[in-house]
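This is what each chain is made of:
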Amino acid sequence: MISDMKPEDIVGDYRETVLTFYDGTRRKVLYTELETPYPDGKLIVSTTTPEGVIRQVNRAFVEMSGYSEAELIGAPHNILRHPDMPAAAFKDLWETVQRGEKWQGYVKNLRKDGGYYWVKATVIPNVRGGKVVGYTSVRRKPSRTRVDECAKLYPTLR
Amino acid sequence: MTFLFTVSPDFAPDRLSGWYIFNTWLQKQTGTAIHLEMYNHYQQLHQAIEADKIDLIYANPYDAAMLVRNKGFLPLAKAQGQADEAIIAVNADSSVRDVADLQANSRVAFTDDPDVRLMGMIMLEPADLDAGNIVPVLADTHVLVAKHLLKGEADAGIILAEAYDNLSGVIRKQLRVLVRSQISVIHHALMVGPRLQAKRGEWRQVLLDMAADEKGRGVLAALGFDGWQTIDDEEMEFMIDLMDTLNT
Ligand SMILES: Cc1cc2nc3c(=O)[nH]c(=O)nc-3n(C[C@H](O)[C@H](O)[C@H](O)COP(=O)(O)O)c2cc1C
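Model, not experiment: these values are computed from the prediction.

Conventions we followed
Residues numbered from 1 in each chain as written. Chains lettered and ligands numbered in written order. Predicted model: local features only at pLDDT ≥ 70, side-chain atom pairs only at ≥ 80, totals over all residues. Heavy atoms only, no water. Helix = DSSP H or I, 4+ residues; strand = E, 2+ residues; numbered from the N terminus. Rg over C-alpha atoms; globule rule 2.2 N^0.38 Å. Contact = heavy atoms within 4.5 Å. Areas by Shrake-Rupley, 256 points an atom, 1.4 Å probe, with all protein chains shown as cover. Lys, Arg positive; Asp, Glu negative; His and termini not counted. Charge placed at Lys NZ, Arg CZ, Asp CG, Glu CD. Near = heavy atom within 4 Å. Polar contact = N/O pair within 3.5 Å; in protein donor to acceptor, adjacent residues only side chain to side chain. Buried area = accessible area lost by both parts, 1.4 Å probe. Salt bridge = Lys/Arg side-chain N within 4 Å of Asp/Glu carboxyl O. Phe/Tyr/Trp six-rings, centres within 6.5 Å; stacked < 30°, edge-to-face > 60°. Buried < 20%, exposed > 50% of the residue type's maximum accessible area, 1.4 Å probe, protein only. Lys NZ or Arg CZ within 6 Å of the ring centre and 35° of its normal. Domains from an automatic or database assignment. Nonpolar A, V, L, I, M, F, W, Y, C, P; charged D, E, K, R; others polar. Arc of directions from axis to C-beta.

Undergrad: Give a detailed account of the overall build of chain B, specifying residues and quantitative values.
TA: Scanning chain B from N- to C-terminus turns up 10 helices and 11 strands. Computed over the C-alpha atoms, the radius of gyration of chain B is 19 Å, within 12% of the 18 Å expected from 2.2 N^0.38 for a compact globule of 248 residues. Structurally, chain B occupies a C-alpha span of about 60 × 35 × 30 Å along its principal axes. By sequence separation, contacts in chain B at least 24 residues apart represent 79% of the contacts at least 6 residues apart. Counting every atom, chain B has about 11,000 Å² of accessible surface; 49% of that belongs to carbon and sulfur. Averaging the coordinates of the 21 positive side-chain charges in chain B and doing the same for the 35 negative ones gives two points 6 Å apart.

Undergrad: How would you sum up the site of the ligand? Please name residues and give values.
TA: All names here are of chain A. Near the ligand there are 15 residues, and of these Tyr22, Asn78, Trp94, Asn109 and Arg139 occur at the shortest range. Here an oxygen atom of the ligand and a side-chain polar atom of Asn78 are 2.8 Å apart. Asn109 is positioned with one of its side-chain polar atoms (N or O) 2.7 Å from a nitrogen atom of the ligand. The protein chains hide 92% of the 600 Å² of surface that the ligand would expose on its own. Those elements that provide at least two residues to the shell around the ligand are helix H3 (87-98) and strand E7 (131-140).

Undergrad: I'd like to hear about the interface of chain B and chain A, residue by residue, with values.
TA: Facing 21 residues of chain B, the contacting portion of chain A comprises 24 residues. Regarding the contact of chain B and chain A, the summed buried area is about 1,800 Å², with carbon and sulfur atoms giving 53% of it. Of all residues in chain B, Pro126, Asp241 and Thr245 of chain B give up the largest surface area on contact with chain A, accounting jointly for 27% of the area buried on that side. Of the charged contacts in the structure, one is a salt bridge between Asp241 of chain B and Arg128 of chain A, with a shortest N-O distance of 3.0 Å. Where the side of chain B that touches chain A is concerned, the elements lending two or more residues are helix H4 (114-124), strand E9 (175-180) and helix H10 (233-246) of chain B.

Undergrad: Hey, could you go over the packing of aromatic side chains for me, with residue numbers and the actual values?
TA: Counted by the stated rule, this structure contains 12 aromatic pairs over all chains. A centroid spacing of 6.0 Å and a plane angle of 65 degrees characterise the contact between Phe5 of chain B and Phe22 of chain B, whose relative ring orientation is edge-to-face. With Phe5 of chain B in strand E1 (residues 3-7) and Phe22 of chain B in helix H1 (residues 16-30), the pair connects residues that are 17 residues apart, well separated along the chain. Under the relative-accessibility criterion, Phe5 of chain B is labelled buried at 0%. Chaining the aromatic ring pairs together yields one cluster made of Phe5, Trp19, Phe22, Trp25, Tyr58, Phe225 and Trp228 of chain B. In this structure, Lys108 of chain A is placed above the aromatic ring of Tyr116 of chain A, and the distance from its NZ or CZ to the ring centre is 4.2 Å.

Undergrad: Before we move on, can you summarise the domain arrangement of chain B with the specific residues and values?
TA: In many analyses, interface size is given as the accessible surface area lost on bringing the parts together. Residue and element names in this part refer to chain B. The domain boundaries assigned to chain B delineate domain 1 (3-82 + 185-246) and domain 2 (86-180). Taking the mean C-alpha position of each, domain 1 and domain 2 sit 28 Å from one another. Taken together, the contact between domain 1 and domain 2 spans 9 residues of the former and 8 residues of the latter. Across the interface of domain 1 and domain 2, roughly 850 Å² is buried in total on both sides, 67% from carbon and sulfur atoms. When residues of domain 1 are sorted by the area they lose upon contact with domain 2, Tyr42, Tyr62 and Leu246 head the list and together hold 47% of the total. The tally of links from domain 1 across to domain 2 stands at 0 salt bridges. In this structure, the connection of domain 1 to domain 2 is made through 2 residue pairs in polar contact (both at pLDDT 80 or more). Sorting the residues of the side of domain 1 that touches domain 2 by element identifies helix H3 (61-71) and H10 as the ones contributing at least two each. Taken together, the residues of the side of domain 1 that touches domain 2 break down into 6 nonpolar, 2 polar and 1 charged.

Undergrad: How would you sum up the side chain of Glu237 of chain B? Please name residues and give values.
TA: Structurally, Glu237 of chain B is set in helix H10. Within the structure, the side chain of Glu237 of chain B is placed 2.9 Å from the side chain of Arg69 of chain B, a separation counted as a polar contact. Setting aside chain neighbours within four positions, we find Glu237 of chain B in contact with Val127 and Arg128 of chain A together with Val68 and Arg69 of chain B.

Undergrad: Can you break down the side chain of Thr96 of chain A residue by residue, with the values?
TA: Residues and elements named next belong to chain A. As for its position among the elements, Thr96 is in helix H3. Of the residues examined, Thr96 reaches a relative accessible area of 6% and is grouped as buried. Residue contacts for Thr96: discarding those within four places in its chain leaves Glu101, Lys102 and Trp103.

Undergrad: Please set out unusual backbone geometry residue by residue, giving values where relevant.
TA: Trans peptide bonds make up the majority, and among non-glycine residues the majority have a negative phi. Residue and element names in this part refer to chain B. One non-glycine residue, Asp128, lies in positive phi territory at about 60 degrees. Along the chain, the position of Asp128 falls in the loop between H4 and strand E7 (135-138). Given the relative accessible area of 32%, Asp128 is considered partly exposed. You will see that Ser184, though not glycine, has its phi angle at about 65 degrees, which is positive. Of note, Ser184 is situated in the loop between E9 and strand E10 (189-192).

Undergrad: I'd like a description of helix H5 (residues 142-150) of chain B, backed by residues and values.
TA: Three or more residues of H5 of chain B are buried, namely His142, Val145, Ala146, His148 and Leu149 of chain B. The arc that holds the buried residues of H5 of chain B, viewed along the axis, is 155 degrees, so those residues lie on one side.

What follows is the structure, encoded as structure tokens:
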């Protein structure tokens, strides 16, 4: 579905791994140790179809992910999946929103240039006329303390 | 029948007469009797909403959610190019340089303006601050939030960005802004309740045409607006969903 990451897009020294997504598809990802700090005062917003395909992103999303809007719209949201994130977190996300509830968690996202950024994400179902027509995620600047906790915890869950 | 119109209590005090002028203009344009009732506090407003007294409201985005979901209100229009944003400020002499420098039990001043408080609290989260570990200093107006900072009665203040920008230069010089929100999709909305829904299309057109008319432009100037802009149902739903994600 999404293409492998390309060395020419990467900034700095990188490592390489292959992610296997929930649906069985695979992607080669290249990732570095370069963190992009969360921009103060901004929210990073995206909406997806019920299947998790990106339908809409705001400017902060484009800036932080490093992809163009055209590359993002129509792509599955796992285009940002970082190898350090435990699959269990996303399983919990999907189970929670499919029950019609709000999910909140700390997520390490992978940029197009191989770097990463931490967010505190809230995902909710978009209910229109009693039907779920998609999902919206709004990310905000996380507390450093919580990020440090997650950075320690997540590798033990993988 | 006379319809009841109200404006969210966070309106800028110097726009009070503007809202009365707008109401007179709207009555003339629509040939409808409308009574404007201004509430000083959210508590009074919420009681009136609960009692189904309101027919037309210029609503805070925080209330808009409840009005749409529980009270059958629909959006008409928003002020062109305006969005609600918040800033976090400290006294210019404070040693706090970054939100992350703020400690638990900091005294944080704010008004009862619910969307500004929500945006402000989100900007304090990076410092591990939340409603449970700050000392709230409730102020009647955004100007009074600034005064608490100047007098050293609060360590940080949450202020509506527009209100901050309208503070005198003398006051602003004694403050330092740590962070300003750039959310841009949260805004007030003019909304109609169930008894006015049949008039929605007609009234919206009247509002959209307002900036093209000389008298209308004068009324808009009294409100500090350039014009009205349609809010469609999906834009409203999106804002409500967004507020919902922020509300935890
Ligand atoms: C609205 C919404 C936003 C999401 N945002 C992200 C995100 O920013 N980063 C991410 O890795 N996964 C995000 N996900 C989860 C992905 O859909 C996906 O579950 C995850 O990347 C793991 O991939 P997989 O489930 O295909 O294995 C989001 C899901 C939804 C519904």
